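Structural overview for review
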Amino acid sequence: MFGDMMGMLGKVKEFQAKMKEAQESLGHLTESAETGAGLVKVKVNGLKQVISLTIDPDLMKPEDREMLQDLITAAVNRAMEKIEDQIKAHIQQSTEGVLPNIPGLDLSKFMK
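Residues numbered from 1 in each chain as written. Predicted model: local features only at pLDDT ≥ 70, side-chain atom pairs only at ≥ 80, totals over all residues. Heavy atoms only, no water.

On to the sheet that holds strand S3 (residues 50-55), then. The strands that make up a sheet pair up through hydrogen bonds in the backbone, lying either parallel or antiparallel. The strand order across the open sheet built from three strands is S1-S2-S3, with neighbouring strands paired in antiparallel fashion. Of all the strands in the sheet, just strand S1 (30-35) and S3 have a single pairing partner and so form its edges. On average, adjacent strands in this sheet sit at an angle of 15 degrees to one another, irrespective of strand direction. When S1 meets strand S2 (residues 40-45), the two strands line up antiparallel, connected through six bridges. Counterpart to threonine 30 in the pairing with S2 is asparagine 45. Packing against the sheet, helix H2 (residues 65-94) makes contact with S1, S2 and S3, and its axis sits at approximately 150 degrees to S1. (Pairing = 2+ DSSP bridges. Helix = DSSP H or I, 4+ residues; strand = E, 2+ residues; numbered from the N terminus. Axes fitted to C-alpha atoms, helices over the stretch in contact; angles between N-to-C directions. Contact = heavy atoms within 4.5 Å.)

Further remarks concern the pairing of S2. The loop that links S1 with its antiparallel partner S2 comprises four residues; one of these, glycine 36, has a positive phi angle of about 60 degrees. Pairing geometry for S2 and S3, over five bridges, is antiparallel. Among the inter-strand pairings, lysine 43 is bridged to a residue of S3, identified as serine 52. Taken together, S2 and the strand that follows it, S3, pair antiparallel across an intervening segment of four residues, in which lysine 48 is found at a positive phi of about 60 degrees.

Bringing the pattern of salt bridges into the picture now. One pass over the full model with this rule turns up two salt bridges. Here lysine 82 makes a salt bridge to glutamate 31, at a shortest N to O gap of 3.6 Å. In this pair, lysine 82 sits in helix H2 while glutamate 31 sits in strand S1, placing the two residues 51 residues apart along the sequence. Take lysine 82: its relative accessible area is 37%, and that puts it in the partly exposed class. Take glutamate 31: its relative accessible area is 19%, and that puts it in the buried class. (Salt bridge = Lys/Arg side-chain N within 4 Å of Asp/Glu carboxyl O. Buried < 20%, exposed > 50% of the residue type's maximum accessible area, 1.4 Å probe, protein only.)

Here it is, written out as structure tokens:
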């Protein structure tokens, strides 16, 4: 029984180490999205930070301000949705084999 408990603690420590390593490497994941047929383009990283925003010069007119705001918001939201899938896959791959496969366990909830 004591050996099983020590083995479980070892697995938890291994999981923590792999999770930390996975979190530290999320900045290397990137995803892009665009809206308005490419008029607004956004690139985000796995830390959920916007790393670039490109706006077509034709949208830089004062009368298009509201539309531009909507396009930027939509592009950022799409990119964030897309990167979320990469984050989940990255965490799952990084911690594979450490813990038993538990259906429905979402390891991305352990992220900072």
